[in-house]
Amino acid sequence: MLRSTNFYFLFFLFVTSLSFSQLTPSDTTRILFIGNSYTYYHSAPELVRQLALEKFPDRTIQVKLVSQGGMTFRRHWESGVAQRAIRSGSWNFVVLQEQSKLGMPLIIDNEVYFGETDLFFEYAKKFDQEIKNSGAETVFFMTWSVKNRPEEQELLTYAYSSIAQELQAKIAPVGLVWDKVRNHKGFDLYARDGSHPSPHGSYLAATTIFSALFNENPVGLSGKISGHQLSSSGNPSLNTNLLVDIPEDDANQIQMESWNLVKQAKENKDFFDLKEPEPHFSIPTLPEGDEINSKNISGKWFGNSTYGSDYLGMILDIKEKNEKLSLGFSFYSPNKKDIMNISDVGIESNQLHFTMVDSLRNLNSRLSFSLESDRLKGLSKSAGSALTVYTHWDLSKEQIYNEIDLVALDQLFEEFETEIEKVGYAEAAMNHYERFSHLINRKYMPEESYLNAEGYNLLREGKIKNALGVFELAMLLYPESVNTYDSFGEALFIAGKKEKALKVVNEGIKLARRTSDASLPVIEATLNKIEQEETIMNDAPPTPAPVPPPPAPPAPPQ
């Protein structure tokens, strides 16, 4: 939970004015931004720079962005890139933006909340010390709550304000301005995911940061801004591009709200009188059930949970041998049977307890089950590097779950594994999907994007033989997709099968020319690299293969 200490804030300490009265036209203001997609969307640092240049045409304004999607203060600190950037130049300001859930989201059955925020405070202090050592000023970029949880803004406001008060740092109260404008009927501050900023949202962030840093009224500045587009890692484009085009009335409304709040905070020493808000959730608990022992829970239990959104079901197989319990836990998707590693099995206080290690998601979970009317009701707590997940489980003795016979599905995977050794992965997979389609009474095919990503993920893991099978399957299932030939050709070349790689890629080139496919230049480039025997894995898609994820928010926290 958040700290329990209550602060009575003097907000003028947060947004104290910067004295630019001594600046001359030759002065340079240098601003370093450290954040994630909330900052790099629509190149917000460049928007700040262009607003400042418009207001102060005789000054030099320089900005730099260190970012990646989903980055937290902790991950930035551990990577070391941000610290090197802080030390690399004489910055006037370093603007810090934490991940949208303050670095430690808590997930309860697919709903995301703010969890422990100790890491936010810990790494905010570390960065602040580093910034002060460099001679710059720390500025906290207060973020906004997601669209469907406006009530959580009070927690963001409290967290950013309390750390700014403690460190006597500055703050750009973007979240507070956002809260005033979020219900404007003429425009939407949110992108379609209800989390990231729309162009209007990024413009609001930029005008608020501009107002807080320069202590200047942004009203009257342009809403149509061109500049160097920033990549997700902060690299600027060589050419200038149109970044945002905000209608004049909308821009004026955003500018006024930004300046009014910054000015009000500066003039009103009692602007805040904040206490730590109560959490908007309660930690789930497992109710006491019936008497439980090794005999009345032995056997196979079937069902599902919110642990993985892609799973069709799961089987928990409980066995007793020599007065000891052993567990097998298998999770089923159309494409995979995931077998979890189980340890520390025991019965205590009428509950079954065990630890599940999920290497796919790098999560360790402690599960507890109680027996309620011939059903196993469970609750798990999973801890990863940056989140805590609570999940409910519901298992019964009924093997038909959501109209799928899980015992029959398990048998399909047994047949699949046996056939791989006999006929190879691609043919065995084709047979598996045919049998699976018969089981569910409708035609099923894995998506091309899934197979492509899965293949590259296997390549990165060094499982070249498996990757070749997946890419070959993709080409067989999607023979009219040029990309399947391109990917299979790359994999064959990596496997040392140059001649076959050339044959497959040339077939793909013929297909691309026959169908006027837009990816023709891509596969031609692959052919050239194979002929020249150049390294090609650097071109592999950066996204790992999608696996059934643990409960996640509608949009990944940023």
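## Side note on the overall build of the protein chain
Stage number 1. Along its length, the protein chain carries 17 helices and 19 strands.
Stage number 2. The buried share of the protein chain, reckoned over its 558 residues, is 52%.
Stage number 3. Across the protein chain, every contact between residues at least 6 apart in sequence was considered, and the portion connecting residues at least 24 apart equals 66%.
Stage number 4. With an accessible surface of roughly 25600 Å², the protein chain has 46% of that area assigned to carbon and sulfur atoms.

## As for helix α4 (residues 81-88)
Stage number 1. Of the residues making up α4, those classed as buried are Ala82, Gln83, Ala85 and Ile86. Axial view of α4: buried residues confined to an arc of 160°, hence all on one face. Residues Arg84, Arg87 and Ser88 are exposed on α4 and point more than 90 degrees away from its buried face.
Stage number 2. Taken together, the buried residues of α4 touch β1 (28-35), β2 (60-67), α3 (73-79), β3 (93-96) and α5 (118-134).

## A look at the environment of Ala426
Stage number 1. The topology assignment puts Ala426 in helix α12 (residues 425-440).
Stage number 2. A sequence separation of 46 residues divides Ala426 from Glu472, and the C-alpha atoms of the two residues are 6.2 Å apart.
Stage number 3. Not counting residues within four places of it along the chain, the set of residues in contact with Ala426 comprises Gly469, Glu472, Leu473 and Leu476.

## Regarding the pairing of β3
Stage number 1. Every second residue of β3 is oriented toward a common face, with Phe93 and Val95 on one face and Val94 and Leu96 on the other, all of them buried.
Stage number 2. The pairing of β1 with β3 spans 4 bridges and is classified as parallel. The residue bridging Phe33 from the neighbouring strand is Val95, located in β3.
Stage number 3. Examined bridge by bridge, β3 and strand β6 (residues 137-141) share 4 bridges and lie parallel to one another.

## Section: the sheet that holds β3
Stage number 1. What the 5 strands build is an open sheet, ordered β2-β1-β3-β6-β7; its pairing is parallel. Among the strands making up the open sheet, the edge pair consists of β2 and β7 (170-172). Each adjacent strand pair in this sheet contributes to an overall mean axis angle of 25°, direction not counted.

## Quick word on the packing of aromatic side chains
Stage number 1. Per the stated rule, a full pass over the model turns up 28 aromatic pairs.
Stage number 2. Seen in terms of ring centroids, Phe141 and Trp144 are 6.2 Å apart; in terms of plane orientation they differ by 45°. Their pairing is tilted. Residues Phe141 and Trp144 agree in their burial class; the two are buried.
Stage number 3. With centroids separated by 5.7 Å and ring planes inclined at 40°, the aromatic side chains of Phe329 and Trp393 adopt a geometry described as tilted. With Phe329 in strand β12 (residues 324-332) and Trp393 in strand β17 (residues 388-396), this residue pair connects regions lying 64 residues apart in the sequence.
Stage number 4. Here Phe329 falls in the buried class, since its relative accessible area comes to 0%.
Stage number 5. Residue classification places Trp393 among the buried positions, given a relative accessible area of 2%.
Stage number 6. Aromatic ring contacts, followed pair by pair, group Phe73, Trp77, Phe120, Phe121, Phe127, Phe140 and Tyr160 into a single cluster.
Stage number 7. We note Lys101 situated over the ring of Phe114; from NZ or CZ to the ring centre the distance is 4.7 Å.
Stage number 8. In this arrangement the basic side chain of Arg149 is found over the ring face of Tyr113, its NZ or CZ atom lying 4.5 Å from the centre.

## Points about helix α9 (residues 248-267)
Stage number 1. Taking 1.5 Å as the rise per residue, α9 with 20 residues should run 28 Å; its terminal C-alpha atoms sit 28 Å apart, in good agreement.
Stage number 2. Buried residues of α9: Asp250, Ala251, Ile254, Gln255, Ser258, Trp259, Leu261, Val262 and Ala265, and no others. Along the axis of α9, the buried residues cluster in a sector spanning 160°; they form a single face. Residues of α9 that are exposed and point over 90 degrees away from its buried face: Glu248, Asp249 and Glu267.
Stage number 3. Its buried side turned inward, α9 meets α7 (174-181) and α8 (199-214).

## Points about the nonpolar core
Stage number 1. Counting residues in each nonpolar core, the largest one holds 76 residues, and the members touching the most others are Ile34, Val94, Phe140 and Val174.
Stage number 2. When residues of this core are assigned to their parent elements, the largest contribution, 9 residues, is made by α8.
Stage number 3. With residues up to four places along the chain from it excluded, the contact list for Ile34 reads Val66, His76, Ala82, Ile86, Val94, Val95, Leu96, Gln97 and Phe127.
Stage number 4. The next biggest cluster of nonpolar side chains, apart from the first, holds 47 residues, and it includes Tyr332, Leu412, Ala467 and Leu520.

## Some points on unusual backbone geometry
Stage number 1. Even without glycine at this site, Asn215 takes up a positive phi of about 55°.
Stage number 2. By the element assignment, Asn215 lies in the loop between α8 and β8 (224-230).
Stage number 3. The class of Asn215 is partly exposed, set by a relative accessible area of 23%.
Stage number 4. The backbone of Asp344 sits at a positive phi, close to 55°, despite the residue not being glycine.
Stage number 5. Given the relative accessible area of 53%, Asp344 is considered exposed.

## Quick notes on the confidence of the model for the protein chain
Stage number 1. Residues of the protein chain with pLDDT of at least 70 account for 89%, and the chain-wide mean is 87.
Stage number 2. Mean pLDDT values over the elements of the protein chain span from 83, in strand β5 (residues 111-114), up to 98, in β3.
Stage number 3. Throughout residues 1-26 the model reports pLDDT below 50, and contacts reaching past four residues in sequence, or to other chains, amount to 80 contacts.
Stage number 4. The low-confidence segment residues 538-557, where pLDDT is below 50, has 50 contacts with residues more than four positions distant or belonging to other chains.

What counts and how
Residues numbered from 1 in each chain as written. Predicted model: local features only at pLDDT ≥ 70, side-chain atom pairs only at ≥ 80, totals over all residues. Heavy atoms only, no water. Helix = DSSP H or I, 4+ residues; strand = E, 2+ residues; numbered from the N terminus. Buried < 20%, exposed > 50% of the residue type's maximum accessible area, 1.4 Å probe, protein only. Contact = heavy atoms within 4.5 Å. Areas by Shrake-Rupley, 256 points an atom, 1.4 Å probe, with all protein chains shown as cover. Arc of directions from axis to C-beta. Pairing = 2+ DSSP bridges. Axes fitted to C-alpha atoms, helices over the stretch in contact; angles between N-to-C directions. Phe/Tyr/Trp six-rings, centres within 6.5 Å; stacked < 30°, edge-to-face > 60°. Lys NZ or Arg CZ within 6 Å of the ring centre and 35° of its normal. Expected span 1.5 Å × (residues − 1). Core = buried A, V, L, I, M, F, W, Y, C linked by side-chain atoms within 4.5 Å. pLDDT = per-residue confidence, 0-100.

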